[in-house]
Amino acid sequence: MLSKEEEIDILKSKSNYEDAQSSSIEALKIVQKSRGWVSKQAIREISKVLKIPESNLEEVATFYSQIFRKPVGRNIIRYCDSVVCYMYGCEDIKSCLENALNISIGGTTKDFRFTLLPICCLGNCDNAPTIMINDNTYSRLSLKQVVELLELYK
Amino acid sequence: MKRILRTSETHPLTWWLNEKEDVVWIKEYKKNGGYLAFEKALKTMQPVDIISIVQESGLKGRGGAGFPTGIKWSLMPKKSSFDVRYLLCNADEMEPGTYKDKFLMEKIPHQLIEGILISSLALNVSKSYIFLRCEYVQAERILKKAIFEATQYGYIGSNVLKSGLNFEIFLHSGAGRYICGEETALINSLEGKRANPKYKPPFPAYVGAWGKPTCINNVETLSNIPSIILHGTKWYKNLSKSIDSGTKMMGFSGKVKNPGLWELPFGITAREILEDYAGGMNNGLNLKAWQPGGASTELLTFKHIDLPMNFSTIQNAGSRLGTALAMAIDDTVNIVSLVRNIEEFFSRESCGWCTPCRDGLPWIVSILKSLEVHQGHENDMDILEELCCKLGPGKTFCAHAPGAVSPLKSAIKYFRSEFESGIKKTSIINISSI
């Protein structure tokens, strides 16, 4: 069941658009914000609130890269792998994170502390290399700093 | 490095900022003449007047394609029977190497809001949407507050400044995918569908969001509108050193001493930006190549560094001005690996709608990967060149694939030997012995 808050937020977002389908991305994000990811069950519940077919939501949920369809860690690490960060060694940052967390790209640590994902250019090219953990962006990182950063997130 | 003195005469976009570049909230914005342009337009101008001023100013779209904004606006239907229309602000900045819209939204949010309001007035729009990428959390927070402030001051809402007109601005945050920046894909995404581009015609100006006439403009384009209305077209044209009017957010990233972005007049040379503003290359490094405006623009070499930065000269040199946020590639970078990184990006971000893009880009990536480790096949160069042609302009649904092959095509043109050195030696011998 959707919580009361989720339902209120979804219905509130619906009023910003011309039809219910248009608020589907926002609805998926609302559910993901409170639960971490979007399960099949959650899609069924959203479809009831928005009164649109489940398949319409499924279609959208499987397309967008920032809607997660399986459980993810409490902290999402997004490392920028676009061209400027590439020149500043983002591939080393990627391997460094993979080794430190003992997972590969797209993976989640066993203790559900971290999920590691690549991300398109974060618009922080004048401060490359850059990574984002949850809502925080970190600039001009050395490999040592990357590992130290992980300690901040439990 | 140059010390920059910003004035409203020379830096219409960024003169509001102090040394520390704090966010300009509504009090300060209004104190310095903010929203005067909107009030002027609302009280003294007809929509057609605003459109003709923008047309006369020569303002070109700042999102990358450089289409004249006034002409785009004039394509919207004139008949008042089209009572519902939309203005969409494209803030889905995801082009690798680009960080200008983020800066404008995070520092001077009210300039964008004022630009949206004046444009809404010109286009008879009462509802507009800012389509923001979801990773720009800071910009989202700031825009939300700025929209709230503007509503409190009576610039957004019903019967704005007793004009009888209503203006609403909604902030829509996406859920990833680079293709959302393509205008028809952006409409699909706003409508809660997969961000596949749509066939044109019909153009969004007639059949856009929810089937209604829709105009889509970039953040930087809209931010230019208030000063054009306030100071006029002659002044705006004179800001530039070239045939393109006005100023542009330009920058240099890569291994340069002071990477950043600055508001500069069109026509400034790439060398001036690189040396005077970005401080030149890092010690011990030389410029090997550069991209003038984002990952989808063709590579240029050090021979082109004295070119003036404007739409036509960069195009004549075989590239595109794009977003004008240039990127320096130094001589330690392997071009094949760099292009592989760019193609991996485009391959991952292809929406998968049309075959050349969906299947061609992963093919390019796999060839580049084998060339990178000197395991390339003799035919690889021919295949790459053929793919550059088959993914070129007019062969796919949208500009994603043509943009993707632009850096590859130019890299082969200037650095062919680096690609050829990746061909496995034995394979040449085997084939030639047959």
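Heads up: the structure comes first, above all this text.
Since the structure is predicted, the reported quantities are computational estimates derived from the model, not experimental observations.

Quick notes on the rules
Residues numbered from 1 in each chain as written. Chains lettered and ligands numbered in written order. Predicted model: local features only at pLDDT ≥ 70, side-chain atom pairs only at ≥ 80, totals over all residues. Heavy atoms only, no water. Helix = DSSP H or I, 4+ residues; strand = E, 2+ residues; numbered from the N terminus. Rg over C-alpha atoms; globule rule 2.2 N^0.38 Å. Buried < 20%, exposed > 50% of the residue type's maximum accessible area, 1.4 Å probe, protein only. Contact = heavy atoms within 4.5 Å. Buried area = accessible area lost by both parts, 1.4 Å probe. Salt bridge = Lys/Arg side-chain N within 4 Å of Asp/Glu carboxyl O. Polar contact = N/O pair within 3.5 Å; in protein donor to acceptor, adjacent residues only side chain to side chain. Nonpolar A, V, L, I, M, F, W, Y, C, P; charged D, E, K, R; others polar. Expected span 1.5 Å × (residues − 1). Core = buried A, V, L, I, M, F, W, Y, C linked by side-chain atoms within 4.5 Å.

Engineer: Please clarify how the overall build of chain B should be interpreted in this entry.
Structural biologist: Of the regular secondary structure elements, chain B holds 17 helices and nine strands. Taken over C-alpha atoms, the radius of gyration comes to 23 Å for chain B, in line with the 22 Å a tight globule of 434 residues would show. Projected onto its principal axes, the C-alpha coordinates of chain B cover approximately 85 × 50 × 35 Å. Here chain B holds 434 residues, and 61% of them are scored as buried.

Engineer: How do you make sense of the interface of chain A and chain B when you look at a structure like this?
Structural biologist: How large an interface is tends to be reported as the accessible area lost when its parts come together. The interface of chain A with chain B comprises 38 residues on the first partner and 53 residues on the second. When the buried area of chain A at its contact with chain B is split by residue, Phe 63, Val 83 and Met 87 of chain A rank highest and sum to 19% of it. Between the two partners, chain A and chain B, sit three salt bridges. The salt bridge partner of Lys 127 of chain B is Glu 18 of chain A, with a shortest N-O separation of 2.8 Å. For the pair chain A and chain B, the interface holds 24 residue pairs in polar contact (both at pLDDT 80 or more). Breaking the side of chain A that touches chain B down by element, the ones donating at least two residues are helix 2 (24–35), helix 4 (54–61), helix 5 (83–87) and strand 2 (114–119) of chain A. Classifying every residue of the side of chain A that touches chain B gives 18 nonpolar, 10 polar and 10 charged.

Engineer: I tried to follow helix 14 (residues 355–372) of chain B on my own but got confused; where do I start?
Structural biologist: Spacing of three or four residues puts side chains on the same side of an α-helix, whose turn is 3.6 residues. Taking 1.5 Å of rise per residue, the 18 residues of helix 14 of chain B would be expected to cover 26 Å, and the 26 Å separating its terminal C-alpha atoms lies within 8% of that figure. Listed as buried for helix 14 of chain B are Cys 357, Gly 360, Leu 361, Ile 364, Val 365, Ile 367, Leu 368 and Leu 371 of chain B.

Engineer: Quick question: what am I supposed to make of the nonpolar core here?
Structural biologist: Looking at soluble globular proteins, one finds that nonpolar side chains tend to be buried together. With 113 residues, the main nonpolar core has Ile 130 and Phe 419 of chain B as its most contacted residues. If one sorts the elements of this core by residue count, helix 16 (residues 400–420) of chain B sits on top with eight residues. Non-local contacts of Ile 130 of chain B, meaning those with residues more than four positions away in its chain, are made with Cys 89, Ala 91, Leu 112, Ile 116, Leu 143, Ile 147, Ile 169, Phe 170, Leu 171 and His 172 of chain B. In terms of nonpolar packing, the next biggest core, distinct from the first, is built from 40 residues, Val 31, Leu 57 and Tyr 64 of chain A together with Ile 187 of chain B among them.

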